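Fold and contact review
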Amino acid sequence: MSSAATRPAGPDDLWSVDEHLEDILSTVRPLEPIELHLLDAQGCVLVDDVTVPVSLPPFDNSSMDGYAVRVADVAGAGEEFPAVLEVVGDVAAGAADLVRVGPGQAARIMTGAPLPPGAEAVVPVEWTDGGLGEGPVSGMRARSLAPEGAEGHVHVYRSAEARAHVRAKGSDVKAGDLALEAGTVLGPPQIALLAAIGRGTVRVRPRPRVVVMSTGSELVQPGERLAGGQIYDSNSFALTAAARDAGAIAYRVGAVADDAETLRSTIEDQLIRADLLVTTGGVSVGAYDVVKEALSYAGDADEAGSGVEFRKLAMQPGKPQGFGAIGPDHTPLLALPGNPVSSYVSFELFVRPAIRALMGVTDLHRPRVRAVLKADGALRSPKGRRQFLRGTYTDGEVTPVGGAGSHLIAALAQADALIVVPEDAESVEPGSEVEVVLLG
């Protein structure tokens, strides 16, 4: 644990949101790099700069289906007086043995095929008769249907400048150029570039493995029948989805009953596949707050600094929080409150940045903007608490949705932003400028 975690504090002292977050981020370290195949590296963060070993494209090639020609041979060509050229062969994409185009000659060429020696430009097939002698055509016949198309003569109805419809060697990137910088998150376009320059594997920080589990004997899995006093487990689904959205490989563990031994053994079983553990529920001051009870064995921090500390934060929702490291590898664990809105807001503020830190990215947090509050009345907030209210953000304005209750899942589902009311404000009037965390 960091030094901030062991600061002098009484049981009723409140941590600020910033202090709790700083403690987490000072403890969580990026995962060690590994070498992965390209598709396995999707979503991971590049560890080293990648330079281009071979220019793209690696040779001059055609950007059109048409004919490779010499500029002088088509100068002045038109509909009335076309240039008539001898077709000396085909140049297909991937061709190695290329025909030479001499004076008065042309080679039928396909998109992506190398520009043959002697040729200076490409005329699209639509500017020709396709070798059929029947006026302009809209395309080439398939070679399998008309192999004679690569022979005979072609009429060209328009002139072409030098290098017309030719992709120059190195026009995308040149050998020695920087392809991708260290710290880049590898998405589909980056994977494509790595493949295009011949990289089969790449060194990255792996996506963190996050295990999410909810606690509570009242929780029932969706699809099962509810009995009296029971509710469906939504937290584990919400937080697992949120962890995946943050870039993690997330595993959901079904709700664990309010039994300390069961929870303790479940956590120990999950450590083998976790870079980060997230629990929800059981962190408050009730008689059945099982997470605090189960992790009390880890409260006696060992010499390496393992332990879980439960805190009260000056925020609403999400006052009760827990953070520490458990197990032989000192796996970080964040214990979140059980109310659905509290757990989700806590995830956005604390767990998401921890996941991003494990990934090794620099943009740990959701973007924040200033917006004008659009509301029917003033927003009330308890003094000394930083409040996070759900809202919808559009064109510089933010509108609250739902109330302040930490159980209002329907309102959360409509929100795409969190309205931040600072600790020193007890009310915010409509038309005021507020800080907004964008969730989308």
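Residues numbered from 1 in each chain as written. Predicted model: local features only at pLDDT ≥ 70, side-chain atom pairs only at ≥ 80, totals over all residues. Heavy atoms only, no water.

1. As for the side chain of asparagine 235
Looking at the secondary structure, you find asparagine 235 in helix α4 (residues 235-246). By relative accessible area, which is 8% here, asparagine 235 ends up buried. Beyond its immediate chain neighbours, meaning those up to four positions away, asparagine 235 contacts Thr280, Pro337, Gly338, Asn339, Pro340 and Ser343. (Helix = DSSP H or I, 4+ residues; strand = E, 2+ residues; numbered from the N terminus. Buried < 20%, exposed > 50% of the residue type's maximum accessible area, 1.4 Å probe, protein only. Contact = heavy atoms within 4.5 Å.)

2. So, the environment of glycine 104
Relative to the elements of secondary structure, glycine 104 occurs in the loop between β7 (83-91) and β8 (105-109). By relative accessible area, glycine 104 is classed as partly exposed at 29%. Put simply, glycine 104 and aspartate 233 are 129 residues apart on the chain and 77 Å apart in space, counted from C-alpha to C-alpha. When sequence neighbours within four positions are dropped, the list of residues in contact with glycine 104 reads Asp73, Leu85 and Glu86.

3. Some remarks on the pattern of salt bridges
Where charged atoms from two side chains of opposite charge approach closely, those side chains can pair. Within this structure, the stated rule accounts for 17 salt bridges. A salt bridge links aspartate 90 to arginine 108; the nearest nitrogen and oxygen atoms lie 2.8 Å apart. Here aspartate 90, found in strand β7, pairs with arginine 108, found in strand β8; they are 18 residues apart in sequence, far enough to count as distant. Given the relative accessible area of 3%, arginine 108 is considered buried. Linking aspartate 245 and arginine 366 is a salt bridge whose minimum nitrogen-to-oxygen distance equals 3.2 Å. Taken as a pair, aspartate 245 in helix α4 and arginine 366 in the loop between α7 (340-359) and β23 (368-373) lie far apart in primary sequence, 121 residues in all. (Salt bridge = Lys/Arg side-chain N within 4 Å of Asp/Glu carboxyl O.)

4. A look at the sheet that holds strand β22 (residues 331-336)
Sheet strands pair via backbone hydrogen bonds, and the direction of the pair is either parallel or antiparallel. With mixed pairing, the seven strands of this open sheet are ordered in space as β1-β19-β21-β22-β18-β14-β17. Edge positions in the open sheet fall to β1 (14-15) and β17 (249-256), since each of these has one partner strand only. Relative to strand β19 (residues 307-313), β1 runs parallel, the two being bridged by two bridges. Residue pairing in the sheet places tryptophan 15 in a bridge with leucine 313 of β19. Set on the sheet, α4 makes contact with β14 (209-215), β17, β18 (276-280) and β22; between it and β17 the angle comes to about 170°. (Pairing = 2+ DSSP bridges. Axes fitted to C-alpha atoms, helices over the stretch in contact; angles between N-to-C directions.)

5. Quick notes on the pairing of strand β26 (residues 397-400)
Relative to β26, β23 is paired through two bridges, and the arrangement is parallel. The residue bridging valine 372 from the neighbouring strand is glutamate 397, located in β26. With antiparallel pairing between neighbouring strands as the criterion, strand β25 (residues 386-394) and β26 make up a hairpin whose turn holds two residues, including aspartate 395 at a positive phi of roughly 50°.

6. Some thoughts on helix α1 (residues 17-27)
Regarding α1, the residues found buried are Val17, His20, Leu21, Asp23 and Ile24. All buried residues of α1 lie within an arc of 155° about the axis, which places them on one face of the element. (Arc of directions from axis to C-beta.)

7. A few points about the packing of aromatic side chains
Overall, the coordinates contain zero aromatic pairs when judged by the stated rule. Positioned above the aromatic ring of phenylalanine 237, the side-chain terminus of arginine 252 is 4.0 Å from the ring centre. Across the ring face of tryptophan 15, the terminal group of arginine 311 is positioned such that the distance to the ring centre comes to 3.8 Å. (Phe/Tyr/Trp six-rings, centres within 6.5 Å; stacked < 30°, edge-to-face > 60°. Lys NZ or Arg CZ within 6 Å of the ring centre and 35° of its normal.)

8. A few points about unusual backbone geometry
Backbone torsion omega between leucine 56 and proline 57 reads -15°, so that peptide bond is classified as cis. Among the secondary structure elements, proline 57 is positioned in the loop between β4 (50-51) and β5 (61-62). The omega torsion across glutamine 316 and proline 317 is -5°, close enough to zero to call that bond cis. Following the sequence through the fold, proline 317 ends up in the loop between β20 (315-316) and β21 (320-326). Although it is not a glycine, histidine 165 adopts a positive phi angle of roughly 60°. By the element assignment, histidine 165 lies in the loop between β10 (153-156) and β11 (166-167). Under the relative-accessibility criterion, histidine 165 is labelled partly exposed at 27%.

9. A short note on the environment of alanine 162
Relative to the helices and strands, alanine 162 is located in the loop between β10 and β11. Through-space distance from the C-alpha of alanine 162 to that of arginine 70 is 8.2 Å; in sequence the pair is 92 residues apart.

10. A look at the packing of α1 against α7
Running from N to C, α1 and α7 cross one another at 25°; their axes reach a closest spacing of 10 Å. Our classification of the angle between α1 and α7 gives roughly parallel. As for how α1 packs across α7, the hand of that crossing is right-handed. In this structure, α1 uses Val17, His20, Leu21, Ile24 and Leu25 to contact α7, whose residues at the interface are Leu349, Phe350, Pro353, Ala354 and Ala357. Across the contact of α1 with α7, the residue classes tally to nine nonpolar, one polar and no charged. (Parallel < 35°, antiparallel > 145°, perpendicular 65-115°, else oblique. Left-handed = near helix turned anticlockwise from the far one by under 90°. Nonpolar A, V, L, I, M, F, W, Y, C, P; charged D, E, K, R; others polar.)

11. Side note on the nonpolar core
The biggest cluster of nonpolar side chains holds 42 residues, and the ones touching the most others in it are Leu276, Phe350 and Ile355. Among the secondary structure elements, those contributing two or more residues to this core are α1, β14, α4, β18, β22, α7 and β27 (417-421). It is α7 that provides the largest number of residues to this core, a total of 12 residues. Those residues within four positions of leucine 276 in sequence are excluded, and the remaining contacts are Arg209, Val210, Val211, Thr331, Pro332, Leu334, Val351, Ala354, Ile355 and Leu358. (Core = buried A, V, L, I, M, F, W, Y, C linked by side-chain atoms within 4.5 Å.)

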